[in-house]
Amino acid sequence: MVTGAASGIGRAIAVELANAGTHLVLIDVDEVGLARLAAVLRSSDVDVVARRCDLTVPAEISAATVDILKRYGGVD
């Protein structure tokens, strides 16, 4: 899981993890930036979930966590 993934350091981390072959959950409030990055990574056959989430809103964090755990069973 990479927070702040739509740009800057978060994006760079996501790209490096994708290059290493990891499954990714991308988190950010910037839906457009997330969609762009997810499309680029998916074109390289990376398993990517892009999830809009505002980390200052506890309910959004809880909802994102539930979705991630349902999909992957855990987070490393």
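Quick note: structure is the one above.
Right, let's walk through the structure included here. In this text the structure is predicted, and so the values were computed from the model without any measurement. (Residues numbered from 1 in each chain as written. Predicted model: local features only at pLDDT ≥ 70, side-chain atom pairs only at ≥ 80, totals over all residues. Heavy atoms only, no water.)

**Points about a nonpolar patch on the surface**
For step 1, the next point in the chain: A surface patch of nonpolar side chains, amounting to about 260 Å² of accessible area, comprises Met1, Leu69 and Val75.
For step 2, the next point in the chain: The residue Met1 is located in the segment before strand 1 (2-3) in this model.
For step 3, the next point in the chain: Taking the relative accessible area as the measure of exposure, Met1 reaches 44% and is therefore partly exposed. (Patch = residues over 30% accessible without salt bridge, like charges linked within 9 Å, V, L, I, M, F, W, Y side chains within 5 Å. Areas by Shrake-Rupley, 256 points an atom, 1.4 Å probe, with all protein chains shown as cover. Salt bridge = Lys/Arg side-chain N within 4 Å of Asp/Glu carboxyl O. Helix = DSSP H or I, 4+ residues; strand = E, 2+ residues; numbered from the N terminus. Buried < 20%, exposed > 50% of the residue type's maximum accessible area, 1.4 Å probe, protein only.)

**Considering the pairing of strand 2 (residues 24-28)**
For step 1, the next point in the chain: Strand 2 sits mainly inside the fold: five of its five residues count as buried.
For step 2, the next point in the chain: Of the two faces of strand 2, both are covered, the one formed by Leu24, Leu26 and Asp28 as well as the one formed by Val25 and Ile27.
For step 3, the next point in the chain: The β-α-β motif built from strand 1, the intervening helix 1 (residues 8-19) and the parallel element strand 2 has right-handed crossover chirality.
For step 4, the next point in the chain: In this sheet, strand 3 (residues 48-52) lies alongside strand 2 in parallel orientation, the contact comprising five bridges. (Right-handed = clockwise from strand over helix to strand, strands pointing away. Pairing = 2+ DSSP bridges.)

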